[in-house]
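Survey of secondary and tertiary structure
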There are 2 protein chains.
Amino acid sequence: MQTTSPNAGRPRRTDPDDALESAMRIFWAHGYEGASVGRLSRGMGVPRAGIYRDHGCKRGLFLASLDRYGATRVPPLMAAFDGDAPPARALRDFLGRVIELGTTDPDTPGCLISCVLADAAGSDEAFRTEFRRRLDAMDRAIADRLRAMPRDALAAAPDALAPLVGATARGLMLRARAGDPAAELLPLAATASRIWCNDPAVRHE
Amino acid sequence: MQTTSPNAGRPRRTDPDDALESAMRIFWAHGYEGASVGRLSRGMGVPRAGIYRDHGCKRGLFLASLDRYGATRVPPLMAAFDGDAPPARALRDFLGRVIELGTTDPDTPGCLISCVLADAAGSDEAFRTEFRRRLDAMDRAIADRLRAMPRDALAAAPDALAPLVGATARGLMLRARAGDPAAELLPLAATASRIWCNDPAVRHE
DNA sequence: TTGATTTGAGAACGAGCGTTCTGCTAGGCT
DNA sequence: AGCCTAGCAGAACGCTCGTTCTCAAATCAA
C-alpha cells in the first residue's frame, strides 16, 4: 500500500504480525478491560508509542486483534465442511475443531469473540455492533455449507439449523472457557451432530 | 444470623437486597472489570465503605451478585419443566424463558454468567472454578428434568442431551448479548426443541 | 439528654490506567 | 562520513482505579 521510504529508518524489534498475534492472545486471556496497555506493550515487544502509531488506541488494537482472530482461527473451523464427507461427519468435525480451538492452549481458553468480545459488547455500542456482525458472518457461512448438503440429510432446513449450530458451537466455547478438557466435550459434538442429521438407523442410542 | 444490637445505629439509606440487585445489574451491563467501585457505589446507593463492610472487596460483591443472579434469575428458567407438558413443549418453553431473560432489559443483555463471568474466568483461577461450578449445576439440573421425561421421548439419552441443551441456551444468551431481539431468537427455540425430541411426524419441516 | 453505635458523605491514598512526549539508537541514502 | 528517517526505551501526563480513613448524622438505650 506504500512504497518504501527513501531512507528506511531503524528496523522494528518485533515483526508486526507476531506482535498482533501476541496482543490477540493477551486480550483472549485477560479480556478487553483486563488487558492493560502496559501488559500488551511488554507482551508484544513493541513500545507503547508503537501501539498508538500502528493502531491509534487500545480499541484499535483490539479490533485489529479481532480481525486477526477471524483471519487465522475461523477458517480452519469452516474447513471441516470441505470435501464431501457425510453431513453428520462434517458437523461433528466442525464441532471437534471448535473444541480444539477452545481447549488446546490453557492460556487462551474459549473463544476471543464468544467470551471476550461478548463481555465488552454489554454496554459499548460499537463493540456490540462488531459482535453481532461477526456472529452473523459465521452463521451465514455455516448456512452456506449446510445448503450445499444433500436435501433431507438434515433434521431442519439449512437456514433454520445454521444458527443453532452456531449457538451450540459458542456454548461449547463457554465450556472450554470454564476449563473443561476436550475429552469431556467431544461426546457432546458426537451427540449434537447425530441429532442434527436424519439418520433413522441410529436414533435414541 | 445476628441478634439486634442494644443500640441500633443509623438506618441504611438503601435496602441491602435492592443494593445487591443494583450491583448485579451494573456488573451484568459493564462486566467485572468495566464496573468500577465508584459506579457501583453510586448505583447501589451505598457508600464505598459500606461495600467493603458488607462484602470485603469488589470480588466479594461480584460473587454475591452471582449468588443473587442464581437465586432470582435461574429458577424461573427451570420452572419451564414443571407441570407435565410434552417434552418438546417444555424444552421450547425453557429456551423461550432463556431468550426472555437475555433480551427483556436492553441495559442488561445476555447472561451474567455466560457473558460476564465467562470473560473474567479467562485468567482468574477462582472465577474459572466458580464459572465451571455454575455451568455444572445448571446442566445437572437440566439432566434431572430430562430424566423425569418419558423414555424414548428424547433424541438422545438425558445425560448426553442435557449439556447440549445447556450449551444451546448459552449460545442464545450470546445472541441476546449482541442485541438480537427475542422475535429473531424464538424460532431457534422452536427448531431446537423439535430436533431434540423424537416426533417423527414433523421431521424436516 | 447523654452516650453508644452504626451509617452516610466524601476526602485521601498509592497504584495503575490510557496516552503522550523526549532523547537516544539503528539503519539506508548520498 | 554525515544526514534523514523510523523505532526504541522509558519518563511523564492527568485521570481513574480499588481501598481506607475521617467526621458528621441518625437511631436506640438509659
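Conventions we followed
Residues numbered from 1 in each chain as written. Chains lettered and ligands numbered in written order. Predicted model: local features only at pLDDT ≥ 70, side-chain atom pairs only at ≥ 80, totals over all residues. Heavy atoms only, no water. Salt bridge = Lys/Arg side-chain N within 4 Å of Asp/Glu carboxyl O. Helix = DSSP H or I, 4+ residues; strand = E, 2+ residues; numbered from the N terminus. Buried < 20%, exposed > 50% of the residue type's maximum accessible area, 1.4 Å probe, protein only. Domains from an automatic or database assignment. Contact = heavy atoms within 4.5 Å. Buried area = accessible area lost by both parts, 1.4 Å probe. Polar contact = N/O pair within 3.5 Å; in protein donor to acceptor, adjacent residues only side chain to side chain. Nonpolar A, V, L, I, M, F, W, Y, C, P; charged D, E, K, R; others polar. Axes fitted to C-alpha atoms, helices over the stretch in contact; angles between N-to-C directions. Parallel < 35°, antiparallel > 145°, perpendicular 65-115°, else oblique. Left-handed = near helix turned anticlockwise from the far one by under 90°. Least-squares fit on C-alpha atoms with pLDDT ≥ 70 in both.

**Description of the pattern of salt bridges**
A side chain of one charge can pair with a side chain of the opposite charge if their charged atoms are brought near each other. What the rule picks out here adds up to 38 salt bridges over all chains. The closest approach of N and O atoms between Arg132 of chain A and Glu184 of chain B, which form a salt bridge, is 3.4 Å. Of this pair, Arg132 of chain A sits in helix 8 (residues 125–147) while Glu184 of chain B sits in helix 10 (residues 182–196), on two different chains. In this structure, Arg147 of chain B and Asp144 of chain B form a salt bridge, with 2.5 Å as the shortest nitrogen-oxygen distance. Here Arg147 of chain B and its partner Asp144 of chain B are both found in helix 8 (residues 125–147), three residues apart, which amounts to about one turn of the helix. By relative accessible area, Asp144 of chain B is classed as partly exposed at 42%. The network of salt bridges with common partners includes Arg132, Asp136, Asp139 and Arg170 of chain A together with Arg175, Asp180 and Glu184 of chain B.

**Re the domain arrangement of chain A**
Residue and element names in this part refer to chain A. As far as domains go, chain A holds domain 1 (16–69) and domain 2 (73–202). For domain 1 versus domain 2, the separation of C-alpha centres amounts to 26 Å. On the domain 2 side, the residues contacting the 16 residues of domain 1 number 21 residues. Approximately 1700 Å² of surface area, both sides summed, lies buried where domain 1 meets domain 2, with 60% of it carried by carbon and sulfur atoms. The largest share of the area that domain 1 buries against domain 2 comes from Trp28, Leu66 and Tyr69, three residues that together contribute 48% of it. Two residues, Arg134 and Asp67, come together in a salt bridge whose shortest N-O distance is 2.6 Å. Applying the counting rule to domain 1 against domain 2 returns nine residue pairs in polar contact (both at pLDDT 80 or more). Looking at the side of domain 1 that touches domain 2, the elements that each hand over two or more residues are helix 1 (16–30) and helix 4 (58–72). Considering each element in turn, the side of domain 1 that touches domain 2 owes the most residues, eight residues, to helix 4. Partitioning the side of domain 1 that touches domain 2 into residue classes produces nine nonpolar, two polar and five charged.

**Some points on the packing of helix 4 (residues 58–72) of chain B against helix 7 (residues 112–120) of chain B**
Residues and elements named next belong to chain B. The contact between helix 4 and helix 7 brings their axes to 12 Å, and the two run at 160°. As summarised for this structure, helix 4 and helix 7 are arranged roughly antiparallel, according to the angle between their axes. You can see that helix 4 and helix 7 cross each other, and the crossing is left-handed. Facing Phe62, Ser65, Leu66 and Tyr69 of helix 4, the residues of helix 7 in contact are Leu112, Ile113, Val116 and Leu117. Here the residues of the contact of helix 4 with helix 7 are counted per class, giving seven nonpolar, one polar and no charged.

**Some thoughts on the relation of the copies chain B and chain A**
Superposing chain B onto chain A takes a rotation of 180° plus a shift of 0.0 Å along the axis, which leaves an RMSD of 0.1 Å. Here the symmetry operator amounts to a two-fold rotation axis.

**Some points on the interface of chain B and chain A**
In this assembly, 53 residues from chain B lie in contact with 53 residues from chain A. In total, chain B and chain A occlude about 4200 Å² of area from one another, counting both sides; carbon and sulfur atoms represent 58% of this. Counting the surface chain B buries against chain A, the share from its top three residues, Asp119, Leu174 and Arg175 of chain B, is 15%. At the boundary of chain B and chain A, one finds eight salt bridges. For the salt bridge of Asp136 of chain B with Arg175 of chain A, the shortest nitrogen-to-oxygen distance reads 2.8 Å. Our count for the chain B to chain A interface comes out at 16 residue pairs in polar contact (both at pLDDT 80 or more). Looking at the side of chain B that touches chain A, the elements with two or more residues in it are helix 1 (16–30), helix 7, helix 8, helix 9 (158–177) and helix 10 of chain B. Looking at side-chain class alone, the side of chain B that touches chain A contains 27 nonpolar, twelve polar and 14 charged residues.

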